[in-house]
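Topology and contacts: notes
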Amino acid sequence: MQLFKPVSSEPVSGVPDMFHLRNCFDPQQVFDLTQLVVDRSPFRHMQTPRGYTMAAAITNCGVVGWVSDRRGYRYEPIDPETGTAWPEMPPLLFSLAQMAAQRCGFDDFAPDACLINRYAPGKGMSAHQDRDENDFTQPIVSLSLGLPARFFVQGSDGKGRSTPIDLASGDVVVWGGASRLFYHGVRPLKPGIDPVTGSCRINLTFRKAG
Ligand code: MD3
Ligand code: FE
């Protein structure tokens with residue numbers, strides 16, 4: 001079985017080294033693989049270091065998973081909720097992420113972490129950088145499932161005008177290089193019903209953490 005549908009990768013105008021690959025996997029197949037992860041390490045709302053509760057529910061698969069609590073943000077090999085290792089990254093998802101990266105010029109991407117975010121209607125993610133990984137030469141690959149979302153990218157200082165990107169179920173975004181440390185976020189989700197996920201959006205981000 002092959003998950004990745006060969007597609008064209010469009011450069012995102014105004015954002016260097018960022019690519020949008022539309023409709024490049026079957027959302028039902030990726031949702032089913034995600035469910036296997038969620039059955040073992042359920043979605044939960046983590047606390048931020050400042051004591052807020054994150055709007056998106058999260059879980060992880062892979063050798064390490066991203067966690068947030070009063071002590072800070074970091075990657076951990078053990079799920080703090082279950083006390084055991086995070087579920088294995090499904091090999092089909094690993095190769096989907098690797099092929100998408102390859103298509104955008106990032107060879108040999110070998111993600112060891114996949115952060116899975118789930119958004120309910122009205123929920124989003126405020127502007128932030130992804131900088132808890134050790135090697136910023138490695139890209140990040142994002143898969144969108146379910147309800148559509150408007151994503152924004154703001155540049156390296158988090159100031160100036162933001163570029164909107166509309167993401168649909170089945171879309172992939174790959175970024176690295178000059179845009180790797182750009183500020184970005186997700187606008188609050190509009191309500192709706194998706195045939196695969198129901199009334200939510202799920203995003204998987206594949207990272208090389210270690
Ligand atoms: C562009 N997730 O988990 S993924 C995250 O849709 C996160 O759930 C969002 O941001 C989501 O950290 C967006 C797409 C994305 C991620 C990181 C980027 C785009 C980016 C970093 C720099 C520039
Ligand atoms: Fe991010």
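That block above? That's the structure.
Source: prediction; values computed, not measured.

A few points about the overall build of the protein
When you go through the protein residue by residue, the secondary structure sums to two helices and 13 strands. Once the C-alpha set of the protein is aligned to its principal axes, its extents read approximately 45 × 40 × 35 Å. Burial status across the protein gives 52% buried among its 210 residues. Counting contacts in the protein only where the partners sit at least 6 residues apart, residues at least 24 apart contribute 72% of the total. Of the side chains in the protein, 21 bear a positive and 21 a negative charge, and the two mean positions are spaced by 8 Å.

What to know about the coordination of the iron ion (ligand 2)
For the iron ion (ligand 2), the full set of protein donor atoms is His128 (NE2), Asp130 (OD) and His184 (NE2), and the range of their distances to it is 2.0 to 2.2 Å. Written as a sequence motif, the donor residues of the iron ion (ligand 2) are H-x1-D-x53-H. Here Asp130 is found in the loop between β7 (125-128) and β8 (140-146), whereas its partner His184 is found in strand β12 (residues 183-186), with 54 residues between them in sequence. Residue classification places Asp130 among the buried positions, given a relative accessible area of 6%.

Observations regarding the nonpolar core
Of all hydrophobic cores here, the largest spans 36 residues; its most connected members are Leu21, Val30, Val141, Leu143, Val172, Leu204 and Phe206. Among residues more than four places away in sequence, those in contact with Val30 are Leu3, Phe25, Leu93, Leu96, Leu143, Leu145 and Leu204.

Brief notes about the pattern of salt bridges
A full pass over the atoms with the stated rule returns 10 salt bridges. The salt bridge involving Arg74 is made with Glu76; its shortest N-O contact spans 2.7 Å. A salt bridge links Asp166 to Arg150, with the nearest nitrogen and oxygen atoms 2.9 Å apart. Of this pair, Asp166 sits in strand β10 (residues 163-167) while Arg150 is found in strand β9 (residues 149-155), placing the two residues 16 residues apart along the sequence. It is possible to trace a salt-bridge network through shared partners that takes in Asp69, Arg71, Arg74 and Glu76.

Reading guide: rules and limits
By convention here, each chain's residues receive numbers from 1 onward along its written sequence. To label them, take the chains in the order written and letter them from A, then take the ligands in the order written and number them from 1. Per-residue local features are limited, in this predicted model, to residues with pLDDT of at least 70; the limit for side-chain atom pairs, both in listing and counting, is 80 or more; totals at the level of whole chains, interfaces and linings are taken over all residues. Remark: hydrogens and water are excluded; side-chain values derive from all non-hydrogen atoms of the structure. The numbering of helices and of strands both runs from the N terminus, where a helix is a DSSP run of H or I of at least 4 residues and a strand a run of E of at least 2. Each residue's exposure class comes from its accessible area (1.4 Å probe, protein chains only) as a fraction of the maximum for that residue type: buried when under 20%, exposed when over 50%, partly exposed otherwise. By definition, residues are in contact when any of their heavy atoms lie within 4.5 Å. All tallies of charge rest on Lys and Arg as positive and Asp and Glu as negative; His and the ends of each chain are not included. Working definition for charges: the position is that of NZ of Lys, CZ of Arg, CG of Asp or CD of Glu. We call an atom a donor if it is N, O or S and sits within 2.8 Å of the metal, or 3.2 Å for Na, K and Ca. Water is not counted, so some sites may look partial. Throughout this description, the term nonpolar core refers to a set of buried Ala, Val, Leu, Ile, Met, Phe, Trp, Tyr and Cys residues connected via side-chain atoms within 4.5 Å. Basic side-chain nitrogens of Lys or Arg form a salt bridge, by our definition, when they fall within 4 Å of a carboxyl oxygen of Asp or Glu.

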